[in-house]
Amino acid sequence: MTKHRALIVDDEPDIRELLAITLARMDIDCVAAADLADAKTRLKEQTFDICLTDMKLPDGNGLELVSYIQQRHPQLPVAVITAHGNMESAIQALKSGAFDFVNKPLDINDLRNLVAQAIKVGEGSEATGKALIGNSENIKQLRETITKLARSQAPVYISGESGTGKELVARLIHEQGPRNEHEFVPVNCGAIPTELIESELFGHIKGSFTGANTDKPGLFQTANLGTLFLDEVAELPLQMQVKLLRAIQEKRIRPVGAPQEIPVDCRILSATHKNLAGLVEAGTFRQDLFYRINVIELKVPALRERTDDVNLLVDHFLKLQSAELGSPPPKLSSAARDALKQYAFPGNVRELENILERAMTLCESNVIDVGDLNLPAATSIPIAPTRETHRDDSGELQGYLDDVERERILQALEQTRWNKTKAAKLLGISFRALRYRLEKLGLDKD
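Scope of this entry: the structure provided in the associated data block. (Residues numbered from 1 in each chain as written. Predicted model: local features only at pLDDT ≥ 70, side-chain atom pairs only at ≥ 80, totals over all residues. Heavy atoms only, no water.)

With that out of the way, let us pick up the pattern of salt bridges. According to the stated counting rule, one finds 18 salt bridges in the structure shown. One salt bridge in this structure joins Lys140 and Glu137, with 3.7 Å as the shortest N-O distance. Remark: Glu137 and Lys140 occur in helix α6 (residues 137-150); sequence separation between them is three residues, near one turn of the helix. For the salt bridge of Lys243 with Glu198, the shortest nitrogen-to-oxygen distance reads 2.9 Å. Placement of Lys243 in helix α10 (residues 238-250) and of Glu198 in helix α8 (residues 197-202) is noted, with a sequence separation of 45 residues between them. (Salt bridge = Lys/Arg side-chain N within 4 Å of Asp/Glu carboxyl O. Helix = DSSP H or I, 4+ residues; strand = E, 2+ residues; numbered from the N terminus.)

Set out below in structure tokens:
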């Protein structure tokens, strides 16, 4: 097996020697360059698996080298060595296309982790989980951007309306990246009570507060060497935003009640359906944290912006849902398909999935028609609706559809004196499908 080779670019002999010794212990050959011109010469003469460059060089800076490599050797991951605490330079490096950065004075363990991940990027990683369904141009572009971002360690802020699939995008970035053998840890910041957020994220030690009967690792520790996905990050209270910023910048956390900090190494991806820049202006979200997590913004399109994908998504969800129920997927009438293509989907892909799930329960003869979809009367696509409107409309629609479905199932059960087998036959669905719907609607009486 061919040994990996690294290019080390630094004008300080001691740093070059330290890096070379560290990498040699990882069985990586090293080639050193003292300045930008020397580095470019080496790149023309040989191929490398990783490049480590100082930010300050005698004849330029590391950002110039990052740009040069991006143009001529795009598959080569570059890590930039920056002065401790200079986050502005580090963020500049990531925006320029650097794989990651490492602070001086160098932490050998951090350096080894970074190099191992960079080498893996060069070898390529494949996604193993869910797919992003669609053939529209903006979905094709989104897939290409995900592949590119997976090769970096830069924090990514995923924006988009509720139900567009922001967590799926985050998971794909993780799965296609070098951390995919470690945990992907999603956390909904809005679902954790304020008084428990610090303990959930950073962990706690036994006796640190009432009820802390054992040591408990936090989500940062669970995601160590993997990816931490902070969903609805806008919901974090200001006092927690300060601690989160420090954890991200220093790559260290202090569990509640612990006497000292512990190192953590996880990639940070975040998302919210809210306008984060607007919250910064309003003073409810810290500007420095926004600057840190929003190194790269990735927008997930609304479903009404890719109506050509509706049919593909319909077939995908019907196949998945019918497989869960152990029955063949139902067919959609042409009128039902037309109605879905005309509908605005304020709740986006998640709403489409819910609509089809209900329709499968209510349809007869294994054919879903327009009436089974229970779409609201106004189905035309609106012009630039607001995010909050989408959220509220989606909630109202979901409640309405639940009520319609509950009423129809209750009618069938009362008509058959709660004989579930007969009720399922009356509704034109399988007994298993009825049991599934009863449980979801809270109607599963014994």
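A separate point is α6. For α6, which comprises 14 residues, the first-to-last C-alpha distance of 20 Å matches the rise-based estimate of 20 Å (1.5 Å per residue) to within 8%. Residues of α6 that are buried include every one of Ile139, Leu142, Ile146, Leu149 and Ala150, and no others. One side of α6 carries all its buried residues, which in axial view fall inside an arc of 95 degrees. Those residues of α6 that are exposed and angled more than 90 degrees off the buried face are Glu137, Glu144 and Lys148. The elements touched by buried residues of α6 are β8 (156-159), α7 (166-175), β15 (267-272) and β16 (296-299). (Expected span 1.5 Å × (residues − 1). Buried < 20%, exposed > 50% of the residue type's maximum accessible area, 1.4 Å probe, protein only. Arc of directions from axis to C-beta. Contact = heavy atoms within 4.5 Å.)

Glancing now at the packing of aromatic side chains. Per the stated rule, a full pass over the model turns up three aromatic pairs. Ring centres of Phe184 and Phe229 lie 6.1 Å apart, and the angle between their planes is 20 degrees; this geometry places the pair in the stacked category. On the criterion of sequence distance, the pair formed by Phe184 in strand β9 (residues 184-188) and Phe229 in strand β12 (residues 227-231) is long-range, its members being 45 residues apart. Here the two residues Phe184 and Phe229 agree in accessibility, since each one is buried. Both rings, one in Phe202 and one in Phe220, keep their centres 5.5 Å apart while their planes meet at 50 degrees; by these two values the pair is tilted. Here Phe220 lies in helix α9 (residues 219-222) and Phe202 lies in helix α8, a separation of 18 residues in the sequence. Each of the two residues, Phe202 as well as Phe220, counts as buried. Lying over the aromatic face of Phe101, Lys251 brings its terminal NZ or CZ to 5.6 Å of the ring centre. (Phe/Tyr/Trp six-rings, centres within 6.5 Å; stacked < 30°, edge-to-face > 60°. Lys NZ or Arg CZ within 6 Å of the ring centre and 35° of its normal.)

This next bit is on the nonpolar core. Core analysis: the biggest nonpolar cluster contains 35 residues, and Leu340, Leu352 and Leu373 have the highest contact counts within it. When contributions to this core are tallied by element, the ones reaching two or more residues are α13 (310-325), α14 (334-342), α15 (348-362), α17 (387-415), α18 (420-427) and α19 (431-440). Apart from the residues lying within four places of it in its own chain, the contact partners of Leu340 are Val310, Val314, Leu332, Phe345, Leu352, Leu356, Leu373 and Leu375. Judged by nonpolar contacts, the second largest core, of 32 residues, contains Cys189, Leu219, Leu236 and Ile293. (Core = buried A, V, L, I, M, F, W, Y, C linked by side-chain atoms within 4.5 Å.)

The geometry of α13 relative to α15 is characterised by a closest axis approach of 10 Å and an angle of 50 degrees between their N-to-C directions. Here α15 runs oblique to α13, going by the angle between their axes. As for how α13 packs across α15, the hand of that crossing is right-handed. In this structure, α13 uses Val310, Leu313, Val314, Phe317, Leu318, Gln321, Ser322 and Leu325 to contact α15, whose residues at the interface are Val349, Leu352, Glu353, Leu356, Glu357 and Met360. (Axes fitted to C-alpha atoms, helices over the stretch in contact; angles between N-to-C directions. Parallel < 35°, antiparallel > 145°, perpendicular 65-115°, else oblique. Left-handed = near helix turned anticlockwise from the far one by under 90°.)

All right, on to the state of the cysteines then. Using the criterion set out here, one finds zero disulfides in the structure. A disulfide-free cysteine, Cys189 has its sulfur positioned 13 Å from the sulfur of Cys266, the nearest such atom. (Disulfide = S-S within 2.5 Å.)

It is worth spelling out the side chain of Arg306 at this point. By the secondary structure assignment, Arg306 is in the loop between β16 and α13. Look past the residues within four positions of Arg306 in its chain and what remains in contact with it is Ile133, Gly134, Ser136, Asn138, Ile139, Pro301, Leu313 and Val349.

The next thing to look at is the sheet that holds β8. The parallel open sheet is built from five strands, whose spatial order is β9-β12-β15-β8-β16. If you trace the sheet from one side to the other, it starts and ends with β9 and β16, each paired once. Shown here is a sheet whose adjacent strand axes are inclined to one another by a mean of 20 degrees, direction ignored. Contacts from α7 reach β8, β9, β12, β15 and β16 within the one sheet, and its direction differs from that of β9 by about 155 degrees. (Pairing = 2+ DSSP bridges.)

This part takes up unusual backbone geometry. Each neighbour pair has its own omega, and for Lys104 with Pro105 the value is -5 degrees, a cis peptide bond. Relative to the helices and strands, Pro105 is located in the loop between β7 (100-104) and α5 (108-123). Positioned with a positive phi, Phe345 is a non-glycine residue whose angle comes to about 50 degrees. Positionally, Phe345 belongs in the loop between α14 and α15. The phi dihedral of Asn374 is positive, around 55 degrees, even though this residue is not glycine.

Attention shifts here to the sheet that holds β7. Spatial ordering of the open sheet is given by β2-β1-β3-β6-β7, a layout of five strands whose pairing is parallel. Lying at the two open borders of the sheet, with one neighbouring strand each, are β2 (28-33) and β7. Averaged over all neighbouring strand pairs, the angle between strand axes comes to 20 degrees, with direction disregarded. Where strand β3 (residues 50-54) lies against strand β6 (residues 78-83), four bridges are found, and the strand directions are parallel. Each bridged residue has a counterpart across the sheet, and for Asp54 the counterpart in β6 is Ile81. Sheet strands in contact with helix α1 (residues 13-24) are β1 (4-9), β2, β3 and β6, and its direction is about 165 degrees off that of β2. Its contacts with the sheet put helix α3 (residues 62-72) on β1, β3 and β6, and the angle it makes with β3 is roughly 155 degrees.

So, on to the environment of Ser208. Along the chain, Ser208 falls in the loop between β10 (203-204) and β11 (216-217). Taking the C-alpha atoms as reference, Ser208 lies 47 Å from Asp29; in sequence the two are 179 residues apart. When residues no more than four places from it in sequence are discounted, the contact partners of Ser208 are Val256 and Gly257. Looking at Ser208, its side chain comes within polar contact range of the main-chain oxygen of Ile205, at 2.8 Å. (Polar contact = N/O pair within 3.5 Å; in protein donor to acceptor, adjacent residues only side chain to side chain.)

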